[in-house]
Amino acid sequence: MALPNRFLISLLLLTLIGCSSITVEDYAGNRPTLVPESFFDGELMAHGVVKNRSGKVIRYFNADIKAYWQNGIGTIEEDFLFDDGEKDRRVWTLRPSGNDRYTGTAGDVVGEGKVHFAGNSMFLDYVLRIPYNDGTLDIHIDDRMYLVDPDTLINESRMTKFGFDVGEILLVIRRL
């Protein structure tokens, strides 16, 4: 193998090694501390945008959220209203699954979502089934939430299909 080829391969490998994934534990020391049972309790309001894969905002939405806990199980009822008049509802059920972890289920979620929280952050990884043409499409969602003050959470969601970016959701959730 020629020297330039070895150099390029070595450079590529070093670049890949240096690109480690960000985990929720990277935020373990951040404050204020996000305690899901406290933040997601009571009435909340969300405001957000949906972007296509090019980064263009294609939809706006608001959501009324009611959250509560019974016997360690959380319920988060989300009622969305989009700028085009479409309404949507998602009801999450969160069940403890270990230290700082939950599993989350909802009617339009395929299987279980995995929730992990630390410090001021909470990551939620799941597959969302959405209507598409005359059928449905399963989209992988990587939600990353950050508590910026006791009443405000910023959520960024990356949407992928077959590992390719297909869109993004940005929203702010406020406790009322």
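Our subject is the structure listed above.
Values in this document were obtained by computation on a predicted structure and should not be read as measured data.

(A) Main features of the pairing of strand β6 (residues 109–118). One ladder, built from four bridges, connects strand β5 (residues 101–105) with β6; its direction is antiparallel. Looking across to β6, one finds that R101 is bridged to H116. Linking β5 back to β6 in an antiparallel pair, the connection comprises three residues. Here β6 runs beside strand β7 (residues 121–132); their pairing, made up of seven bridges, is antiparallel. Bridging from a neighbouring strand, A118 pairs with S121 of β7. Counted along the chain from β6 to the antiparallel partner β7, the turn is two residues long, and its residue G119 has a positive phi close to 55°.

(B) Structural detail: the sheet that holds β5. One closed barrel accounts for 10 strands, arranged β1-β2-β3-β4-β5-β6-β7-β8-β9-β10; its pairing is antiparallel. The mean inter-strand angle of the sheet, taken between neighbouring strand axes irrespective of direction, is 25°. Alignment of β7 against strand β8 (residues 135–149), held across 12 bridges, turns out to be antiparallel. Paired with S121 across the strands is Y146, a residue of β8.

(C) How the structure looks around the packing of aromatic side chains. Counting across every chain of the model gives 10 aromatic pairs. Taken together, a centroid distance of 5.7 Å and an interplanar angle of 70° make the contact between F61 and F80 edge-to-face. Note that F61 is positioned in strand β2 (residues 57–70) and F80 in strand β3 (residues 73–82), a separation of 19 residues in sequence. The residues F61 and F80 share a single accessibility class, namely buried. When the ring of W69 is compared with that of Y102, the centres are 5.6 Å apart and the planes differ by 50°; the resulting orientation is tilted. In this pair, W69 is assigned in strand β2 and Y102 in strand β5, connecting sequence segments 33 residues apart. In this structure W69 comes out as buried when scored by relative accessible area, which is 19%. A relative accessible area of 4% means that Y102 is categorised as buried. Linked through ring pairs, Y27, F123 and Y146 together constitute an aromatic cluster.

(D) Here's a closer look at the environment of L153. With respect to the helices and strands, the residue L153 is situated in strand β9 (residues 152–161). Residues L153 and L171 lie 18 residues apart in sequence; the distance between their C-alpha atoms is 8.5 Å. Discounting residues that sit within four places of it in the chain, L153 has contacts with L34, F39, F40, M145, Y146, L147, L171, V172 and I173.

(E) Structural detail: the pattern of salt bridges. Enumeration according to the criterion identifies 12 salt bridges in this entry. D138 serves as the salt-bridge partner of R129, at 2.7 Å between the closest nitrogen and oxygen. A relative accessible area of 40% means that R129 is categorised as partly exposed. Classification of D138 as partly exposed rests on a relative accessible area of 23%. R158 serves as the salt-bridge partner of D165, at 2.6 Å between the closest nitrogen and oxygen. Residue classification places D165 among the partly exposed positions, given a relative accessible area of 41%. Accessibility expressed as a relative area gives 42% for R158, which makes it partly exposed.

Calculation criteria
- Residues numbered from 1 in each chain as written.
- Predicted model: local features only at pLDDT ≥ 70, side-chain atom pairs only at ≥ 80, totals over all residues.
- Heavy atoms only, no water.
- Pairing = 2+ DSSP bridges.
- Helix = DSSP H or I, 4+ residues; strand = E, 2+ residues; numbered from the N terminus.
- Axes fitted to C-alpha atoms, helices over the stretch in contact; angles between N-to-C directions.
- Phe/Tyr/Trp six-rings, centres within 6.5 Å; stacked < 30°, edge-to-face > 60°.
- Buried < 20%, exposed > 50% of the residue type's maximum accessible area, 1.4 Å probe, protein only.
- Contact = heavy atoms within 4.5 Å.
- Salt bridge = Lys/Arg side-chain N within 4 Å of Asp/Glu carboxyl O.

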